[in-house]
Amino acid sequence: MRMRGHQWLRKTLSRAYYCTFSSSFPLKHVTQSNFESAVADLKTHLKAADFVAIDLEMTGVTSAPWRESMEFDRFDVKYLKVKDSAEKFAVVQLGVCPFRWDPLRLSFIAHPHNFFIFPRQEVPIDSSSYEFLCQTTSIDFLAKYHFDFNACIRQGVSYLSRGQEDEALRRLNLRYENELSEQARDVPLVSITDILFSERMKNRLREWRDGLLKDTSGGSQLEGSFLNDSNQQFQNIFYKMRPALSLNGFTSHQLRLIQSVTKKHFKDLASVRVEGESSRSQQLVVYTDSESDRDLLKKEVMDDYRRQAEMKIKAAIGFRHVIDLLSSEKKLIVGHNCFLDLAHIHSKFLGPLPLEAEEFVYSVNKCFPYIIDTKILLNTNNILKQRMKKSKTSLSSAFLSLCPQIAFASKESCNLTFSSSVKVEVQVDDTRSSSWISGVKHEAGYDAFMTGCVFAQACNLLGIDFKLYSPSENLACNERLQKHANLLYLSWINGDIIDLSTGHRTAESLRCRDLKKSQTGILFENIVLIWGFPSKLKTSVIKDRISKVFGPTSVTSICRLDETAVLVQFSKLKLVADFLVVKETLERSNDAFSVLHPLSTILEGGNTCAASYEAYKDICSSPISKLLFADQAEAVGIRWKTKLVERTEELETEEQDNFHEENAANTVSVYVEQN
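All values reported here derive from a predicted model rather than from experimental measurement. (Residues numbered from 1 in each chain as written. Predicted model: local features only at pLDDT ≥ 70, side-chain atom pairs only at ≥ 80, totals over all residues. Heavy atoms only, no water.)

**Some words on the overall build of the protein chain**
Inclusion rule: Starting at the N terminus, helices and strands are each numbered in turn, a helix being any DSSP run of H or I of at least four residues and a strand any DSSP run of E of at least two. Each residue's exposure class comes from its accessible area (1.4 Å probe, protein chains only) as a fraction of the maximum for that residue type: buried when under 20%, exposed when over 50%, partly exposed otherwise. Only heavy atoms matter for contacts: two residues are in contact if any of them lie within 4.5 Å across the pair. A 1.4 Å probe and the Shrake-Rupley method give the accessible areas. Residues count as covered only by the protein chains that appear here.
Summing up its helical and strand segments, the protein chain has 26 helices and 19 strands in all. Expressed as a percentage of its 675 residues, the buried residues of the protein chain come to 50%. The long-range share in the protein chain, meaning contacts at least 24 apart out of those at least 6 apart in sequence, stands at 74%. Accessible surface for the protein chain amounts to roughly 33,900 Å². Of this, 51% is attributable to carbon and sulfur atoms.

This is the structure we're talking about:
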């Protein structure tokens, strides 16, 4: 009977998936054209929200195969790999979905927003333009799910991070000061050409100024004499209710000479540079009534310039307005396996990522004081683990397992009945809906919606009764959620979790339930990094050769980074130093014994390098990303072949080091004698 029930449920869900509904999933797509109005609406929804779900779509995840998450990645190395990913790849979509509990309808109201983002440089921050990597698998993945690349590139909302805004304002202030100092500086006449040009300009400006004073009818004679110029270098205009000459077709050096002539010979003329049409600067010579009027004009011009530049910078902030809203409202942020998402948000919209994970989480916590990761929630709470049973904790799997009535939307037409579930309705603009076609997975707005639904249902299963919920409550402070709040997976493979509130890792790693027992108990101080060995060398061969020298139980496990590098974990800390000393001794020797040594297979070719785990961290911290790890190490600038472990114990002396070298040399001769 139980088996037949499961078969009925599978068939029913299958039919539900292929049901045809009257409307598609209501999702608000946001581009440049509707960004301002969308942000205004979002601000209202955020103020009323009980929590906000987010999701990102990126152009890639790893810049090299060895930068993927590995079993032997320590928490600080894992952070460095995430940091590299967030710095090198672009965010092309960001989903923001506020959820508000409606006590009258006994339902959550979701407002899913799907923002298209593109890093367009709209204000000069430095001489370079934005660059980012695209991972072919990621781009192909987005294309598979019908990602609109045209909407992203042509209409995607650009942005400035807080750090970039500060840098743009700093450059603006510097340019403002340079402009003032340039106006005060005379240009030396170093050539006969400069002297003749300056004298000619002085005569032309005097002619124009005298014409203004004599011709009370508006200077028609003067206008004709200047405008009939064949190259139209001088044009009569009015600027701020004052007569002015617009200078066209001059080089920057000539304009500086004209500025110097104006300042030196005409107290009632002012040379100013203003922003013209299409943001092109325009050089003017303006007639002023007095010296004080001239000073006033220059101040007005500089204030206008500064104001316009500040407006451009503010306008270029773009999508970061959304991040600032999320931060200022201090709402509970919900994501699914969102460590990388938060790293991207920090890198793109806050500022450069810190070098240490602890500094990163402190900065994130300062901006977003309440965060819950549904991946952690599903893997660490016994009630939810029991409900999920053996289902995977990917977002789509969790959504189908916990929220089938939402995933298949129209319960009535598909005859699905699920008890004790939280209702969710979707509202876009003024239209509210509770029936739709299932949305497109891996579209950021829909994934954010799924994340929020999973969280709402998880809260319900944890015993949070939303019927008794008060809008004045802070859901993040609910006692049933407290032990799950502000925790992020640093390493999903190893189960390392870091607390955003303290910056510390949890006392006990909350490991993935599918993690094999063999993956537990990694001792990073017992690990040696080996790279540059012959590319065809198999992992089993490496383990066999090392075990023949140091014993059958000397190697606990090996993690392959790529075809050029491995991480070897020894059973004892002492074996790390012994291996490094033996390797260095063998490479210094050039006799028959060293050729017959088991490690000679690993050292063949003369390019093999080895070091302790800290070298692995140093190499991962470099912004360089070569395809092969051996090439990466060389590009980082490592010149040594063997990095011996630094000994800090007081009892270890130079004599003891010599003993290790002698002992290592003896292993060569002993092995040869035995074989």
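What follows continues from the structure just given.
**With respect to unusual backbone geometry**
Although it is not a glycine, leucine 106 sits at a positive phi angle of roughly 50°. Mapped onto the elements of the fold, leucine 106 is located in the loop between strand 3 (91-102) and strand 4 (107-110). The exposure class assigned to leucine 106 is partly exposed, which follows from its relative accessible area of 38%. Even without a glycine there, the phi angle at lysine 240 is positive, about 55°. Owing to a relative accessible area of 32%, lysine 240 belongs among the partly exposed residues under this scheme.

**What about the layout of surface pockets?**
Test applied: Lining residues are those with an atom within 4 Å of a point, where the points come from a 1 Å grid over the protein atoms alone and group into cavities, where a 1.4 Å probe fits but cannot get out, or pockets, open sets with protein on both sides within 12 Å along at least five of seven lines. Grid points are joined across faces, edges and corners, and a volume is the space filled by probe spheres set on the points.
Volume-wise, the largest pocket comes out at about 1,100 Å³. Lining the largest pocket are 34 residues, with Met58, Val61, Asn337, Leu340 and Asp341 sitting closest to its centre. Those elements giving two or more residues to the lining of the largest pocket turn out to be strand 2 (51-58), helix 3 (75-88), helix 4 (136-144), helix 12 (339-350), helix 16 (395-402), helix 19 (444-461) and strand 14 (487-491).

**Quick word on the sheet that holds strand 18 (residues 565-570)**
Just so we agree on the cut-off: At least two DSSP bridges between two strands are needed for those strands to be called paired. Helix axes are fitted to C-alpha atoms over the stretch in contact, other axes to C-alpha atoms as well, and angles between N-to-C directions run from 0 to 180 degrees.
Taken in spatial order, the four strands of this open sheet run 17-18-16-19, and their pairing is antiparallel. The sheet is open, and its two edges are formed by strand 17 (555-562) and strand 19 (609-612), each paired on a single side. Sheet twist, expressed as the average angle between the axes of neighbouring strands with direction ignored, equals 20°. Alignment of strand 16 (residues 527-531) against strand 18, held across five bridges, turns out to be antiparallel. Note on strand 18: the bridge partner recorded for leucine 529 is leucine 567. Against the sheet, helix 21 (residues 573-588) contacts strand 16, strand 18 and strand 19, and its axis sits at roughly 155° relative to strand 19. Against the sheet, helix 25 (residues 629-636) contacts strand 16, strand 17 and strand 18, and its axis sits at roughly 95° relative to strand 16.

**Comments concerning the confidence of the model for the protein chain**
The following threshold applies: Known as pLDDT, the predictor's confidence for each residue is given on a scale from 0 to 100.
Confidence in the prediction of the protein chain, expressed as mean pLDDT, is 83, and 82% of residues score 70 or more. Contacts for the low-pLDDT stretch residues 217-225, under 50 throughout, to residues beyond four places or in other chains number eight contacts. Low pLDDT, under 50, characterises residues 410-418; the predicted model gives this stretch 18 contacts beyond four residues in sequence or across chains.

**Re the pairing of strand 14**
Across the five residues that make up strand 14, a large majority, five, are buried. The pairing of strand 14 with strand 15 (residues 496-499) spans four bridges and is classified as antiparallel. Residue leucine 488 lies in a different strand from strand 15, and its bridge partner there is isoleucine 498.

**As for helix 20 (residues 539-550)**
Heads up, the rule is: Given a helix with a known number of residues, its expected span is that number minus one, times 1.5 Å. Comment: arc refers to directions from the helix axis out to C-beta atoms.
Compared with an ideal rise of 1.5 Å per residue, which puts twelve residues at 16 Å, helix 20 spans 17 Å between its outermost C-alpha atoms and is within 8% of the ideal. Those residues of helix 20 not exposed but buried are Ile542, Ile546, Ser547 and Phe550. Angular distribution of buried residues about the axis of helix 20 spans 125°; they occupy a single face of the element. Buried positions along helix 20 lie against strand 16, strand 17, strand 18, helix 21 and helix 23 (600-603).

**Comments concerning the sheet that holds strand 6 (residues 234-239)**
Read across the sheet, four strands follow the order 6-7-9-8 without closing on themselves; strand pairing throughout is antiparallel. Looking at strand neighbours, the two that pair on one side only are strand 6 and strand 8 (269-275), the edges of this open sheet. Each strand of the sheet is rotated relative to its neighbour by a mean of 35°, with strand direction disregarded. Relative to strand 9 (residues 281-287), strand 7 (residues 242-247) runs antiparallel, the two being bridged by four bridges. Across the sheet, the residue bridging to leucine 247 is glutamine 283, located in strand 9. Along the sheet, helix 7 (residues 192-214) makes contact with strand 6, strand 7, strand 8 and strand 9, crossing strand 9 at roughly 55°. Across the sheet, helix 10 (residues 291-316) is in contact with strand 6, strand 7, strand 8 and strand 9; its angle to strand 8 comes to roughly 10°.

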